[in-house]
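Observations on the three-dimensional arrangement
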Amino acid sequence: MQPNNTSNRSPEGKPAGRNRNASRRGSSGKPGQRSKKPQGPSMNTNLTTSRGQAVRAQRRAQTDAQRIANQYVAAASNVSADETAKGGQPRRRANVIDDSPRLKIIGLGGMDGGGSKNMILVEYRDDAVVLDCGNDLGVDLPGINYAVADTAYMEQIRHKLRAYIITHGHLDHIGGLPHIVPKFPAPIYGSKFTIGRVEEIFENFGLPMPDGFELKTVTMNEDTHERLKIGEFFVELVRVTHSIPGSTCIVLDTPVGRIINTGDFRLDPNPLDHERSDMERLKELGNEGVLALLSESTTTERMGRTPSESTIEQSFIDIMNQAPGRIFVGVFSTNMNRIQMIINAAVHHGRKVAIDGRSMVSTLEMAVRHGFVRIPKGTFVPIASVGTMKDTDVVVVCTGSQGEPSSALQRMSNGEHRHVKLKEQDTVILSSTPIPYSGNDGAIRAMVDEFFKKGVHVFRHATRELDGIGPLHVSGHASRDEYADMIGMIKPKFFIPIYGDYTAKHYHVELAVEYGIPRANIANVGNGQVIDLTADKMELGGEVPHGTILVDQTGAIVNNVVIKDRVLLSEEGLVAIVLTIDKKTGTLLTSPDIISRGFIYMRDNEEIMNGLRQELKRAAVQRFKRVDLDRFKLELKEHITHYLFEHTGRSPIVIPVVNVISVSGGKPPARAKDGSPGKQEPEKTPEEIAAEQQKRFQEMRARLLTQDARID
C-alpha cells in the first residue's frame, strides 16, 4: 500500500486516552494550584484530597497508558489493562493446530488499520506459505520507528513453512522480512523488481543476521505465466499496475482450490512503462474457476476509476516551461515510473537532474541496474553541486512529499539541508497526496508554510485548479469501478477483503454482494481469525495468537511494558526523590534531592517543592525506624504521589531512592603491603562524612543531568 518512505507517520487522530489531564482534575486539582501547606507530625498531613483519590488517579493514568500501548500488543501479552495494573499474567492460549483437510487462510497482519504490516498465512496439512510480509510505519508511540506482525503462531508450524511469496516491493509488504525470515527461513518468491527490493532492504538492514542464515530468493517471470511447485501448492504471478514496478497478483493453486491475492493494484490503461495489468490472464483464471479472491481494500470508498499515470506527464512539462529558477520535485521514493517521467521532462528542457534521499538513491540504483529506469548519459549531477549550478539548469528529485521528519524536502524547508538553501523564485512540486490513514496532512501543510515564507513557488495536486496546472499525482490504488472489475473478472466462489481497515473492507463487502457474491460466502475478518475453506464451504475456525512487535530506530525490539512507561512519562512526567539517611539515628544527612522531568518547572513551583521537602524530612523521622526499608519506600512513594496530586492534579511516575549510610565509628587503620600497621587516618566527624556524601551526590547528578537538578 504505502511507498518506501522511512517516515514515522502518525494515524489519523490521536489514540483515545491522550490529553486526559483536564478530565481528571477536580476543583482542587488544577495545575499549579497551592492548597494549604501541609503541617503536623504525621505522614497523613492535612491534605484536602484523600489518598484514595490520588491512587485512583494514578491507576487511571496507568490504565490509559496501557490501553494505548495495547493497540500494538504482542501475541503473548493477551492480558487486559486492568489485569496488568493488578499484576496479572498473560493468559495461555489453547493450541489451535488442526490437521484436517482444510485450507486455512490467516491474516497475521493487514486485516485492520489501513492494511499495514500486511502478512497472510495460507496453510494446508503439512505445507504453509506466507503472502507478503510488511511493516507498519504509522505507529505513533515514543521512540518507535515501525511495527511488524507477531509470529508466535509460526513457532507452532515452523516445520510447515515452505516459502514467502511477495506481491510487490513497498515496505508495508516487504518491511517485515529482515525480522521474520531469519527466524523462520524459507525462500522468498517475487517478480524481478520485487526481489531486487527485497535484496536491497536486507543489504541495508542495520542489525546483523544470525549465524548461518543465508537469504534465498526466487525470481519469477510474471509475463510468461510460469508456475512453480511449492510443497502441495503451485504459484503463479500475474502482472498488475500499481505505483511501483513489478507489482503482481499471487495465484495459488491448492488441493482445495485456487485462491488469488490481488496485492495492491489499479487497472491503469496507459501506464508510462506500458506494463498494463494482465487482464486477459485474470479473465482466463476466472473462467477456469477460483475458489477465493483476497482483494485489497484501501480505497473502496472512492467512486469511479483512478486516472492513468500518463495524465500527469504534461503537467511536469508545463511547469518546467514557466519555472524561473531551480525546480524541486517531492515524490515517493519507490515510484520509478514517476521519477522516469520527471527525468524525461528535465532532459526535454535541457536540465540536469540531482537525486536526494537515501531510500530514493538506493532504490533508483537498483532500478537502473535491472533496466527499469533509463537515464541518458550525463543527465545526473551530485546534489552537492546544485548550489554552484545555474538556476535554470537543474531539477532536484527528492523524498519528503509527505512532510516526513528528516526527509530531504523537509530539511530544505527548515533551512537545515547540507547542500541546498532555498531562495525566492525556486519552485517546489509536491507530486503526491497524503497517504490514506496516515494523518500526514498537518506535516505537509507546515512544510508548505515554510516554502511560502521563503518566497518559493509551490505546486500541489490539491490546488492544481487554483494554480492553473494539470494533475500532479494519481493514486496507486483502484477506485470503486476497478474493484468491481476485479471481482467481475475473477468470479470467485468466496470473497475475502484484505489490506484495509474494517470500514474500507465493509464497503468492499457491499460491492461484492452487489456483483453477485452471496453474503454467506464473504468474510470480513480481523487479524488472527482463521478462515477454513473446503471446495464447497467457508467457515470461521477460531483464532490464532497474533499481535504487533514494535521496533525502534536501531532495529531492536521494544517491549510493551517499556511503551507503557514511555506513554506515562510523555503524559505525566517523572519525579525522583533521593534521601540520604543515617542508619543509626534515622535522620536525613542532607536535604532531600528532588529531580523533576516533564512534570513541573521547579523554579516556578518553589512553594510546592519546599513543602515536599518538609514532608520528606517528616516521613524519614516518623517511619524509617518503624518499618523495613521496602515498606518505607512504598509508603514514601504513596505519600509523594498523594502530595503531588493534591497540589497539581497530576500523577507523575514517582521513584524514591533511599541511601542508608552508617556514619558512626572510624575506619580501621590501613596496613602496609607487608601487613604491618600503616599510618592511621584521623577519624572523620559525621558532618565531614555527610559533606563528602553530598559532594559525591552532586558530582553524580552533574554527570547524569548536566545541570543542578534542584533548579531543573
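To be clear, the structure that these remarks concern was listed above.
Below, the structure is looked at part by part. (Residues numbered from 1 in each chain as written. Predicted model: local features only at pLDDT ≥ 70, side-chain atom pairs only at ≥ 80, totals over all residues. Heavy atoms only, no water.)

Concerning the overall build of the protein
In terms of helices and strands, the protein carries 20 helices and 26 strands. The burial tally for the protein puts 55% of its 712 residues in the buried class. Long-range contacts, defined as pairs at least 24 residues apart, comprise 74% of the intrachain contacts of the protein with a sequence gap of at least 6. Accessible area for the protein stands at about 30700 Å²; split by element, carbon and sulfur atoms hold 49% of it. (Helix = DSSP H or I, 4+ residues; strand = E, 2+ residues; numbered from the N terminus. Buried < 20%, exposed > 50% of the residue type's maximum accessible area, 1.4 Å probe, protein only. Contact = heavy atoms within 4.5 Å. Areas by Shrake-Rupley, 256 points an atom, 1.4 Å probe, with all protein chains shown as cover.)

A closer look at the packing of helix α9 (residues 313-322) against helix α10 (residues 336-348)
A pair of packed helices is captured by two measures, namely the crossing angle of their axes and the spacing between those axes. Where α9 meets α10, the axes come as close as 9 Å, and the angle between the chain directions of the two elements is 35°. Crossing of α9 over α10 shows right-handed handedness. For the pair α9 and α10, the contacting residues are E313, F316, I317 and M320 in the first and R338, M341, I342, A345, A346 and H348 in the second. Among the residues forming the contact of α9 with α10, the class breakdown is seven nonpolar, one polar and two charged. (Axes fitted to C-alpha atoms, helices over the stretch in contact; angles between N-to-C directions. Left-handed = near helix turned anticlockwise from the far one by under 90°. Nonpolar A, V, L, I, M, F, W, Y, C, P; charged D, E, K, R; others polar.)

A closer look at the environment of H242
You can see H242 is positioned in the loop between β10 (233-239) and β11 (248-253). H242 gets classed as buried once you look at its relative accessible area, which sits at 4%. Separated by 93 residues in the primary sequence, H242 and N335 have C-alpha atoms spaced 9.1 Å apart.

Examining the pattern of salt bridges
With the rule as written, the count across this model stands at 27 salt bridges. Across the pair E539 and R102 runs a salt bridge, and its minimum N-O distance is 3.1 Å. Here the residue E539 occupies a position in strand β21 (residues 538-543), and R102 occupies one in the loop between α3 (81-85) and β1 (103-109), the gap between them amounting to 437 residues. Residue classification places E539 among the partly exposed positions, given a relative accessible area of 31%. Between R266 and E309 there is a salt bridge, with its nearest N and O atoms 3.3 Å apart. You can see R266 sitting in the loop between β12 (258-261) and α8 (279-288) and its partner E309 sitting in the loop between β13 (292-296) and α9, a full 43 residues away along the chain. You'll find R266 and E309 in the same group, each marked buried. (Salt bridge = Lys/Arg side-chain N within 4 Å of Asp/Glu carboxyl O.)

Comments concerning the side chain of S432
Relative to the assigned elements, S432 resides in the loop between β17 (427-430) and α13 (441-453). Residue classification places S432 among the buried residues on the basis of a relative accessible area of 8%. At 3.2 Å, the side chain of S432 and the side chain of S401 are in polar contact. (Polar contact = N/O pair within 3.5 Å; in protein donor to acceptor, adjacent residues only side chain to side chain.)

Notes on α10
Taking 1.5 Å of rise per residue, the 13 residues of α10 would be expected to cover 18 Å, and the 18 Å separating its terminal C-alpha atoms lies within 8% of that figure. With 10 of its 13 residues buried, α10 lies for the most part within the structure. Buried residues of α10: M336, N337, R338, I339, Q340, M341, I342, I343, A345 and A346, and no others. At the exit of α10 stands G350, carrying a positive phi of roughly 70°. (Expected span 1.5 Å × (residues − 1).)

A closer look at α9
An α-helical turn contains 3.6 residues, so any two residues separated by three or four positions project in the same direction. Buried within α9 we find S315, F316, I317, I319 and M320. Its buried side turned inward, α9 meets β14 (327-330), α10, β16 (394-398), β17 and β18 (457-460).

Remarks on the nonpolar core
For soluble globular proteins, nonpolar side chains are generally found buried alongside one another. By size, the foremost hydrophobic cluster in this structure holds 34 residues, and its most contacted members are M119, M154, Y164, L177, I188 and F202. Those residues within four positions of Y164 in sequence are excluded, and the remaining contacts are V130, C133, M154, L177, I180, V181, F184, A186, P187, I188 and Y189. Counting 33 residues, the second-largest nonpolar core is a separate cluster that includes F316, A346, I429 and L472. (Core = buried A, V, L, I, M, F, W, Y, C linked by side-chain atoms within 4.5 Å.)

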